Amino acid sequence: MASFELGSQLSVNRIGYGTMRLAAAPEPGYDAGMGHIWRAPVDREAAIAVLRRAVELGVNLIDTADSYALGENEELVAAALHPYRDDVVIATKVGVVRPSPTEWVPLGHPAYLRQQAELGLRRLKLDHIDLLQLHRVDPQVPLEDQIGALRQLVDEGKARHIGLSEVGVEELRAAQEITPIASVQNMYNLGARQHEDVVDYTAAQGIAFIPFFPVAMGAHAAADGPLAAVAAELGATTAQTSLAWLLRRADNILPIPGTTSLAHLEENVAAAAVQLSDAQFERLSAIAPVGVDA
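These numbers were taken from a predicted model, which means no experiment stands behind them.

The rules behind each value
Residues numbered from 1 in each chain as written. Predicted model: local features only at pLDDT ≥ 70, side-chain atom pairs only at ≥ 80, totals over all residues. Heavy atoms only, no water. Salt bridge = Lys/Arg side-chain N within 4 Å of Asp/Glu carboxyl O. Helix = DSSP H or I, 4+ residues; strand = E, 2+ residues; numbered from the N terminus. Buried < 20%, exposed > 50% of the residue type's maximum accessible area, 1.4 Å probe, protein only. Axes fitted to C-alpha atoms, helices over the stretch in contact; angles between N-to-C directions. Contact = heavy atoms within 4.5 Å. Nonpolar A, V, L, I, M, F, W, Y, C, P; charged D, E, K, R; others polar. Polar contact = N/O pair within 3.5 Å; in protein donor to acceptor, adjacent residues only side chain to side chain. Pairing = 2+ DSSP bridges.

Engineer: In this structure, what is going on with the pattern of salt bridges? I would like to understand it.
Structural biologist: It is possible for side chains of opposite charge to pair when their charged atoms get near one another. Under the counting rule described, the total for this entry stands at 14 salt bridges. Across the salt bridge formed by R53 and E56, the nearest N and O atoms sit 3.2 Å from each other. One end of the pair is R53 and the other is E56, both in helix α1 (residues 44–56) and 3 residues apart, which spans about a single turn. Accessibility expressed as a relative area gives 26% for R53, which makes it partly exposed. On the basis of relative accessibility, which here comes to 57%, the residue E56 falls in the exposed class. In this structure, R53 and E266 form a salt bridge, with 3.0 Å as the shortest nitrogen-oxygen distance.

Written out as structure tokens, the structure is:
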């Protein structure tokens, strides 16, 4: 699997694993599409098996957040992988509060960000966090105060690198004026192309671009759609073809597909071996115009 130098220091294989999906079924009265991620999975051992298998397959970028299951997701990562293999890079996020199963509220007060990082260190059983990401920019708090809090954690040796999530180029530039930024994690896939300018900017800057929800969904991903046609030509699945397109799109893209299935995990990791021709890449790229969702 090809690799990328995160922060010019940490070598990570280009397909990572996002742990958001490792959660229990929705609370009664909530449907699965409402972003619950509220409690740890009922089958804890199955989730641990998926995390351990990911590392066995060569995945060494594991992404979590303090807001996933109110910290239980970070604890699950530690239960599965601690003591961590030397090459495993742990990324977590701070800056969102969860008043209820369906609420994700940005909170960028510096003291809160620092507190959540301290809790993340305890839950993950780490003495430092490899990649500490601001989950969302809080519009009510000056950006320099939010980034400054993360920079303080770096200065104290509690974090190695700083990342941002769901930001545009201007916010990224403003953050770079305060401290080096190692990564940006935005929603992006074959059919969700609203962050093309961020992909291009981060590629030029040597910053990792970590797309969440990396596997394309929608009509174009249907059994009779253009994605399926290219997948059939390749002898691959549509999920693998979606991930292969991301890997080809730019060398700094690090997809983090999440799953609770060992079979799907192995399928996702195998996407690293799928090679698109120039013509196939162009056909897939034409599914959604630049900056527009399909």
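Engineer: Help me understand the packing of helix α2 (residues 72–81) against helix α3 (residues 110–124), please; the structure alone is not making it clear to me.
Structural biologist: A packed helix pair is summarised by two numbers, namely the angle formed by the two axes and the spacing between the axes. With their axes 7 Å apart at the nearest point, α2 and α3 run at an angle of 35 degrees to one another. Contact with α2, carried on its side by E74, E75, V77 and A78, involves G120, R123 and L124 of α3 and no other residues of that element. Here the contact of α2 with α3 is built from residues that sort into 3 nonpolar, 1 polar and 3 charged.

Engineer: Just to check I follow, could you spell out the environment of S285 for this structure?
Structural biologist: Among the structural elements, S285 can be located in helix α10 (residues 278–285). For S285, a relative accessible area of 14% puts it in the buried group. Once the C-alpha coordinates of S285 and E156 are considered, the two residues, 129 residues apart in sequence, prove to be 43 Å apart. Those residues within four positions of S285 in sequence are excluded, and the remaining contacts are L190, R193 and W245. In this structure the side chain of S285 is engaged in a polar contact, spanning 2.8 Å, whose partner is the backbone oxygen of F281.

Engineer: I keep staring at the environment of Q185 and nothing clicks. Help me out?
Structural biologist: Inspection of the secondary structure assignment puts Q185 in strand β10 (residues 183–185). Note on Q185: relative accessible area 2%, which makes it buried. Along the chain, Q185 and F4 lie 181 residues apart, while their C-alpha atoms are 15 Å from each other. The contact partners of Q185, leaving out residues within four places of it in the chain, are D63, K93, Q133, L164, S165, E166, I210, F212 and I256. Only 2.8 Å separates the side chain of Q185 from the side chain of Q133, close enough to count as a polar contact.

Engineer: Help me out: how do you make sense of the sheet that holds β10 in this one?
Structural biologist: Strand pairing in a sheet takes place through backbone hydrogen bonds and is either antiparallel or parallel in direction. Judged by pairing direction, the sheet is parallel, and its 7 strands sit side by side in the order β3-β4-β5-β8-β9-β10-β11 without closing on themselves. Each having just a single partner strand, β3 (17–18) and β11 (208–209) make up the two edges of the open sheet. Bridging between β3 and strand β4 (residues 61–63) involves 2 bridges; their strand directions are parallel. Opposite G18, over in β4, you have D63 as the bridge partner.

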